[in-house]
Amino acid sequence: MTISLVVGAVIVLTAVYISWRAGRLDRMHIRLETARAALDAALISRAAVCMELAASRVLDPATSLVLAAATHEARSAGPDEREHAESDLSRTIRAVMDQDRFRERLAETPEGAALAAELDTAVTKVIYSRRFYNNAAEVTRRAQRRWLARTLRLAGHTDPPSFFEIDDAEPASFAQQT
């Protein structure tokens, strides 16, 4: 009688633990999807601000054209080319913002200071969103690699999440602001 109670308790505790692990893995996947949606929103927001800046007539025509072209490439890139296109846009933003007297020239126009502030915010959001997404991807990958998750296929047939690797270094003008 006692042996059957002990065995029954072990089975129940094991089932509860497995259920808890499966639920935790499911919550990790939800967090990952939410982080990916936030990253996509931040990238779209950055592209919108860049396009607005390019069309504002605040920049010289050549700079506006280069920024608009990089923005268009980032917005229209397919899934396989997206990281490369977003990295190109980041490098273009750095080249634009690190021009001599960029902020001073923007401040001379009525909408320039607001556009610079919007661009600063958008660039920062991309940096933090990418870090948050990559952190969520790493935690999820680690949980999927655990022996219990692999053995019982708690993650189903999903592939391990991929990281989103882009060049998102801050422009040098960010350091000059603080």
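You'll find the structure just up there.
So, a few notes on the structure that sits alongside this text. Just so it is clear, the structure is predicted and the values come from calculations on it, not from any experiment. (Residues numbered from 1 in each chain as written. Predicted model: local features only at pLDDT ≥ 70, side-chain atom pairs only at ≥ 80, totals over all residues. Heavy atoms only, no water.)

Within the protein one finds seven helices and zero strands. When its helices and strands are written in sequence order, the protein yields α-α-α-α-α-α-α. Over its C-alpha trace the protein gives a radius of gyration of 23 Å, far above what one expects of a compact globule, namely 16 Å for 178 residues. Within the protein, the fraction of its 178 residues that count as buried is 38%. In the protein, the share of contacts with a sequence separation of at least 24, taken over all contacts with a separation of at least 6, comes to 75%. Approximately 10,600 Å² of the protein is accessible, and the part contributed by carbon and sulfur atoms is 60%. (Helix = DSSP H or I, 4+ residues; strand = E, 2+ residues; numbered from the N terminus. Rg over C-alpha atoms; globule rule 2.2 N^0.38 Å. Buried < 20%, exposed > 50% of the residue type's maximum accessible area, 1.4 Å probe, protein only. Contact = heavy atoms within 4.5 Å. Areas by Shrake-Rupley, 256 points an atom, 1.4 Å probe, with all protein chains shown as cover.)

Once that is clear, we can look at the side chain of Ser129. Counting through the fold element by element, Ser129 comes out in helix α5 (residues 112-145). At 2.8 Å, the side chain of Ser129 forms a polar contact with the backbone oxygen of Lys125. Discounting residues that sit within four places of it in the chain, Ser129 has contacts with Ala38, Leu39 and Ala42. (Polar contact = N/O pair within 3.5 Å; in protein donor to acceptor, adjacent residues only side chain to side chain.)

Time to look at the side chain of Arg94. With respect to the helices and strands, Arg94 occurs in helix α3 (residues 82-97). A residue is classified by how much of its surface remains accessible, and Arg94, at 16% relative accessible area, is buried. Not counting the four nearest positions on each side in its chain, Arg94 is found in contact with Asp167, Asp168, Ala169, Glu170 and Pro171.

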